[in-house]
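# Coordinates in review
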Amino acid sequence: MKQIALPLSAASDSPPRIVVGNANAAAIDALLEPDAWPFHSAILSGPPRSGKSLLARWFVESGRGDALDDADRMDEDAVFHSWNRAQESGRPLLIVASRRRGEGEGRWQVMLPDLGSRLGAALELEIGEPDEEMLGELIDVHAQMRGLPLDVSATDYLVPRCERSHVGVENLVAAIDRLSLERKQPPTLTIWRDALEEAGRGLPKAS
């Protein structure tokens, strides 16, 4: 599976690489070609912990353009002015939101008419949920971040049984790490099983 090494001045809690898989490949392909975006703008949305902010950092630090993270929680006038600056400068603007724009409960509903019409012309990008191949790579990345020894047999056991979501993988690896530390032993089949049960109950939640 393809991966992107991060040219970031990253904090120690940042992943060492971006896993490229079924969930984000189309979005990343578009981020590589910002000159093709309509009105120099694109909106990136996706589920929690799916790497939206990480991709925005990579996009900015690789020199491809500017980014607004959590734009759906920002003052709409500020988003509007950023969009206008992108038009004036011709510099691509990536707008990151936790919710897709549109009508209905849970959607990003833009109240400022001028902003709504402009965002409607932007390229819409979305990260989905990972398939099994990508889940395995994500488990490896989160284990590497924690210095947790998980071999191929662990991944083969965990992938078909874990929640198929970005946050679910993160919670599972956090549970394995915590149980291994508490029991003062390397992660074994018993720990994998207990972590799967714990993560399935939604506890503990990864921050």
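Here, the structure is the one placed above.
Attention here is on the structure that accompanies the text. Nothing here was measured: the structure is a model prediction, and the numbers come from that model. (Residues numbered from 1 in each chain as written. Predicted model: local features only at pLDDT ≥ 70, side-chain atom pairs only at ≥ 80, totals over all residues. Heavy atoms only, no water.)

## Here we look at the side chain of S41
The line we're drawing: Put simply, DSSP H or I for four residues or longer makes a helix, DSSP E for two residues or longer makes a strand, and each gets a number counted from the N terminus. Side-chain atoms alone can form a polar contact between residues adjacent in sequence; in general such a contact is a pair of N or O atoms within 3.5 Å, and within protein one must be able to donate a hydrogen while the other accepts it. The contact rule is simple, with two residues in contact once any of their heavy atoms fall within 4.5 Å.
Checked against the element boundaries, S41 lands in strand β3 (residues 41-45). A polar contact is formed between the side chain of S41 and the side chain of W83, at a distance of 3.4 Å. Those residues in contact with S41, other than ones at most four positions away along the chain, are W83, L93, A122 and L123.

## Some words on the packing of helix α5 (residues 132-146) against helix α7 (residues 166-183)
For the record, the criterion: In this analysis, axes come from line fits to C-alpha atoms, helices being fitted only over the stretch in contact, and the angle between any two N-to-C directions falls in the range 0 to 180 degrees. For classification purposes, an angle smaller than 35 degrees is called roughly parallel, one larger than 145 roughly antiparallel, one from 65 to 115 roughly perpendicular, and anything else oblique. Two helices crossing with the near one rotated counterclockwise from the far one by less than a right angle form a left-handed crossing, whereas a clockwise rotation gives a right-handed crossing. Put simply, Ala, Val, Leu, Ile, Met, Phe, Trp, Tyr, Cys and Pro go in the nonpolar bin, Asp, Glu, Lys and Arg in the charged bin, and everything else, Gly too, in the polar bin.
For the pair α5 and α7, the least separation of the axes is 9 Å and the interaxial angle reads 45 degrees. Taken together, the axes of α5 and α7 lie oblique to each other. The way α5 lies across α7 gives a crossing that is right-handed. Taken together, the residues of α7 that come into contact with α5 (itself represented by M134, L135, L138, I139, H142, A143 and R146) are H166, V169, E170, V173, A174 and D177. When its residues are assigned to classes, the contact of α5 with α7 shows eight nonpolar, two polar and three charged.

## Some words on helix α2 (residues 52-61)
Definition in use: Throughout this description, buried means an accessible area under 20% of the type-specific maximum (1.4 Å probe, protein chains only), exposed means over 50%, and partly exposed covers the range between.
Buried residues of α2: K52, L54, L55, A56, W58 and F59, and no others. Looking at the residues trailing α2, positive phi occurs at G63, about 85 degrees.

## Structural notes on the environment of D77
Within the fold, D77 resides in helix α3 (residues 76-89). In this structure the C-alpha to C-alpha distance between D77 and D114, which are 37 residues apart in sequence, comes to 9.7 Å.

## Let's talk about the side chain of S180
Mapping S180 onto the fold places it in helix α7. A distance of 2.4 Å separates the side chain of S180 from the backbone oxygen of Q185, its partner in a polar contact. Discounting chain neighbours no more than four positions away, the residues touching S180 are Q185, P186, P187 and I191.

## Quick look at the sheet that holds β3
Our working rule: DSSP bridges decide pairing: two strands pair if at least two such bridges lie between them.
Sheet architecture is open: four strands sit in the order β4-β5-β3-β6, paired in parallel fashion. A strand with exactly one partner marks an edge of an open sheet, and here the two such strands are β4 (66-68) and β6 (123-126). Along the sheet, successive strands turn relative to each other by an average axial angle of 25 degrees, direction set aside. Summarising the sheet, β3 and strand β5 (residues 93-97) pair through five bridges and their orientation is parallel.

## A look at the packing of aromatic side chains
The geometry of an aromatic ring pair is captured by the separation of the ring centres together with the interplanar angle, meaning the angle of the planes. Where we set the bar: Pairing of aromatic rings covers Phe, Tyr and Trp, the last counted by its six-membered ring, and requires centre-to-centre distances within 6.5 Å; plane angles under 30 degrees mean stacked, over 60 mean edge-to-face, and any other angle means tilted. Here, a charge over a ring is recorded when the distance from Lys NZ or Arg CZ to the ring centre is within 6 Å and its angle to the ring normal is within 35 degrees.
Enumeration over the complete set of coordinates arrives at three aromatic pairs. Ring geometry for W37 and F59: centres 5.4 Å apart, planes at 15 degrees, overall stacked. Taken as a pair, W37 in the loop between α1 (25-31) and β3 and F59 in helix α2 lie far apart in primary sequence, 22 residues in all. With respect to class, W37 is no different from F59; both count as buried. Each ring, one from Y157 and one from W192, has its centre 5.7 Å from the other, and the planes form 40 degrees; the classification is tilted. With a gap of 35 residues between them, Y157 in helix α6 (residues 152-158) and W192 in helix α8 (residues 189-200) connect regions that are remote in the sequence. You can call W192 buried: its relative accessible area is 10%. Above the ring of Y157, the side-chain terminus of R161 is found at 3.9 Å from the ring centroid.

## Quick notes on the pattern of salt bridges
Quick note on the threshold: Counted as salt bridges are all cases of a side-chain nitrogen of Lys or Arg within 4 Å of a carboxyl oxygen of Asp or Glu.
Under the criterion given, the structure shown has 11 salt bridges. Between D177 and R146 there is a salt bridge, with its nearest N and O atoms 3.0 Å apart. Highlighted residues: D177 in helix α7 and R146 in helix α5, separated in sequence by 31 residues. Among the residues examined, D177 registers a relative accessible area of 13% and is labelled buried. Residues R178 and E182 are paired through a salt bridge, measuring 2.6 Å at the closest nitrogen-oxygen approach.

## A word on the pairing of β3
Most of β3 is tucked away: five of the five residues are buried. Pairing analysis gives four bridges linking β3 to β6, with the strands arranged parallel. Opposite L44, over in β6, you have L125 as the bridge partner.

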